[in-house]
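# Commentary on secondary and tertiary structure
What follows is each chain in one-letter form.
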Amino acid sequence: MKRFSTIVSILIILGVIYWSFADLKPTLNSSKSITETDFSIDNALKHLKNISKEAHYVGSKEHKKVQNYIVSELQKMGFETEIQTQTAINKKWFAATTAENIIAKLKGTDPGKALMLLTHYDSNPHSSLGASDAGSGVITILEGLRAFIAKDEPHKNDIVVLISDAEELGLLGAQAFVDTHSWTKDIGLVLNFEARGSGGPSYMLMETNGKNSKLLSEFLATKPNFPAANSLMYAIYKKLPNDTDLTVFREDANINGFNFAFIGDHFDYHTAQDSYERLDRETLLHQADYFTTSLNYFSNSDITDLNSDEDFVYVNFPFIKLITYPFSWVFPMVLLCGILFLVLLFFGISLNKIDVKGILKGFIPFLISLILCGGVSFGLWKFLLIIHPQYNDILQGFTYNGYEYIVAFVFLNLWMLFTIYKRTAKEEKPTNLLIAPIFFWLILNFIISAYLKGSGFFIIPVICALFSLAIAVLLNLKDKSKRILCTLLSIPTLYIFAPLVKMFPVGLGLKTLFISAVFIVLLFGLMLLSFHQKKSFWTQKWTGFLALVFFGIATYNSGFSIDNKKPNSLVYVQNSDNETAYFGTYNTTFDRYTKQIFKGDFTKGEIENAETKSKYNTRFKYAKKTNYKAIPSSKITTELDTVIGEKRFLELTITPQRKINKLEFLTKNKLLLYQFKVNDVLVNNGKKYSLKNGTFLVYHLGNNDTELTLSFSVDLDQKLALILNEVSYDLLSNKRFNLKPRTKDMMPMPFVTNDAIIISKKLDL
Ligand SMILES: [Zn+2]
């Protein structure tokens, strides 16, 4: 009979976990018939096929083709389109280009503030096909607008469409729009569609300089069918350097907005595998659902002022989609729970349901579990990186078998928990054991109420556990009924936290598996009345067995294949000043492709002056000296070099002598520029521009750029030790190198300057 109640409990738990994931995302239902006014996934995918055939980063041939395709599709719907061509500079990353934004407007009947629909059409240089990032956004807007217009219903607000350019180079299209377009002042709200992988649920992330309550209530008023959002995620998002186009609108124009972005299958992000085939169709449906519901609502609602002076906690919750309450409730809720806990302790001890000695004993397994599970998960991942060094070549930090590892680690941690509790607390009353975890959660919530109110919903598991404790203390139930009742009471806890156990390693990389481990210990602790067993230990054996099975599957899938390509890299770096040349690679492990250069003797470490910028600060892992090929570098013309008063004024024109994709300007010493202009556009609003050393400008050349003009003034005694790196992505097509191409189980490594010829030389000033 005891085993029966355990089995029922496990079935409930598995069901809730399934439910919590199913609620986050729609499922594809091909039999559902749709009409002219519905979003058609087939129409959307037709567009996707057209715009994700090849890489279409700024400066590539395909970039123009994709731009033309989008423009013609908008015109087919009756839009007048505008291409805004404007040089823009990112102030944080020193990146610049001349962006070409696609802009259109749908007039409203009674326009107040305008609603903006935003995504970007450029793909990441140089190998990403950009199907998810952000082709998924482009097609969501194109097909969503078609369906919206087909309804032929009047709407109040103007709708501005911005399919921005050069997002991947530093949010430059958005910057260009916000800095110079006259419509910026009319925008009341922005809906931005983005991707950081190729699957998984799409999360709603708010961007606001103010507080979130009005935005949140308006978002709920759009009645999304699958709102996936929580206030903890937003708190974390704010702390990461993952800015989106929307960030520019918020920071520079104080405009509020919603990001709808998916982050699953991160290993595809910015790679040649970000393809038509790999975009998860259900994820696309999820974007379509957000688009349709929010466009229907915000095209008619009042969006003139969505600011508020109150922040809300929010998280997905059974049956009601999102539970929300003000930050001001967070502390009183914790306090109330603390008091209730003390009252139940008092009753428990007086009624002889719990005893002080047993409570203290309960801390031992709980603390051991926290330390061991967290520590083992942290260390084991480090160990796996040593025995599978090829994982280091996946810079996203999430391997192809990452999901298998997540499951394996979950079972491993459960096995450890069952083992620890069996060894140290087998004879203890489960009610005694429940006290330590509740106490710990309460402390955690007191800290949260002071420092991270966004995760205020961590009080919900405490409330559920206090109900369980009350049942154990106040009612005289049989063990098996207690077990099932307590499992039922933990439904909200499981529903909220099961997705979080997965979300951390998916969102922040497998190095954060230890955070999931800590979550599992915390959840297990609160569910001890469901889990604790005195005699039978089959759950321990099963979790151990399943951990082994999943580690086995993950190990079996630890290699690369045509569907899970190995990222690799080769770069030629030429120093024109001392006439030396090297090959560099960012790879930790070699393969047939990299071995065509890296054989014989080569050195570990980077190449001088080749410190090209990359998202994860990846430097060359190995370098090998090679023949100097004397590839010509740009012509530098000094148009102006004059002294006025205490300052020296310089104007330079850089004219590339071959197809160049980007020009990187580095300084070897401290540099202070006054009135720095790139192609006649003022950097930093004309204010001083200073930096210690390193890159001070990366200019990405578009298809129409034949030269670049820089002008600036400096102090007379300013030493100018500038270096120019000229980068072209043509190493493989350049006949002088004669490199064998990659096989189908490989792809260019993303996030680094790759397949590139880099010509480095001093600027003689
Ligand atoms: Zn993107």
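Structure shown above.
From a predicted model like this one, the values you see are computed outputs, not experimental measurements.

### Some details on the coordination of the zinc ion
Geometrically, a metal with four donors at the corners of a regular tetrahedron has ideal angles of 109.5 degrees, and one with six donors at the corners of a regular octahedron has ideal angles of 90 or 180 degrees. Here the zinc ion is held by His120 (NE2), Asp133 (OD), Glu194 (OE) and Glu194 (OE), and the distances to it run 1.8 to 2.5 Å. Each of the four donor atoms around the zinc ion contributes to a set of angles spanning 52 to 143 degrees, which defines the coordination as irregular. Within one chain, the residues serving as donors to the zinc ion are arranged as H-x12-D-x60-E. Of this pair, histidine 120 sits in strand β3 (residues 114-120) while aspartate 133 is found in helix α4 (residues 131-151), placing the two residues 13 residues apart along the sequence.

### A closer look at unusual backbone geometry
Between proline 125 and the following residue, histidine 126, the backbone shows a cis peptide bond with an omega angle of -5 degrees. Looking at the secondary structure, you find histidine 126 in the loop between β3 and α4. Looking along the chain, the bond that leaves aspartate 133 and enters alanine 134 is cis, with omega of -10 degrees. Positionally, alanine 134 belongs in helix α4.

### Concerning the packing of helix α12 (residues 402-425) against helix α17 (residues 513-526)
Running from amino to carboxyl end, α12 crosses α17 at an angle of 45 degrees, the nearest separation of the two axes being 10 Å. Taken together, the axes of α12 and α17 are oblique relative to one another. Note on packing geometry: the crossing formed by α12 with α17 is right-handed. Within the contact between the two elements, α12 uses Ile406, Phe409, Val410, Asn413, Leu414, Leu417, Phe418 and Tyr421 and α17 uses Leu513, Ala517, Ile520, Val521 and Phe524. Grouping the constituent residues of the contact of α12 with α17 by class yields twelve nonpolar, one polar and no charged.

### What about the packing of helix α10 (residues 330-350) against helix α13 (residues 430-451)?
Between two packed helices, both the angle of their axes relative to each other and the distance between the axes serve to describe the pair. Between α10 and α13, the least distance of the axes is 9 Å, while the angle of their chain directions is 160 degrees. Relative to α13, the element α10 lies roughly antiparallel. As α10 runs across α13, the sense of the crossing is left-handed. Across from Val330, Phe331, Val334, Leu335, Cys337, Gly338, Phe341 and Leu345 in α10, the residues of α13 making contact are Ile435, Ile438, Phe439, Leu442, Asn445, Phe446 and Ser449.

What counts, and where the lines are drawn
- Residues numbered from 1 in each chain as written.
- Predicted model: local features only at pLDDT ≥ 70, side-chain atom pairs only at ≥ 80, totals over all residues.
- Heavy atoms only, no water.
- Donors = N, O, S within 2.8 Å, 3.2 Å for Na, K, Ca; no water.
- Tetrahedral: all angles 85-135°; square planar, octahedral: opposite > 155°, others 65-115°.
- Helix = DSSP H or I, 4+ residues; strand = E, 2+ residues; numbered from the N terminus.
- Axes fitted to C-alpha atoms, helices over the stretch in contact; angles between N-to-C directions.
- Parallel < 35°, antiparallel > 145°, perpendicular 65-115°, else oblique.
- Left-handed = near helix turned anticlockwise from the far one by under 90°.
- Contact = heavy atoms within 4.5 Å.
- Nonpolar A, V, L, I, M, F, W, Y, C, P; charged D, E, K, R; others polar.

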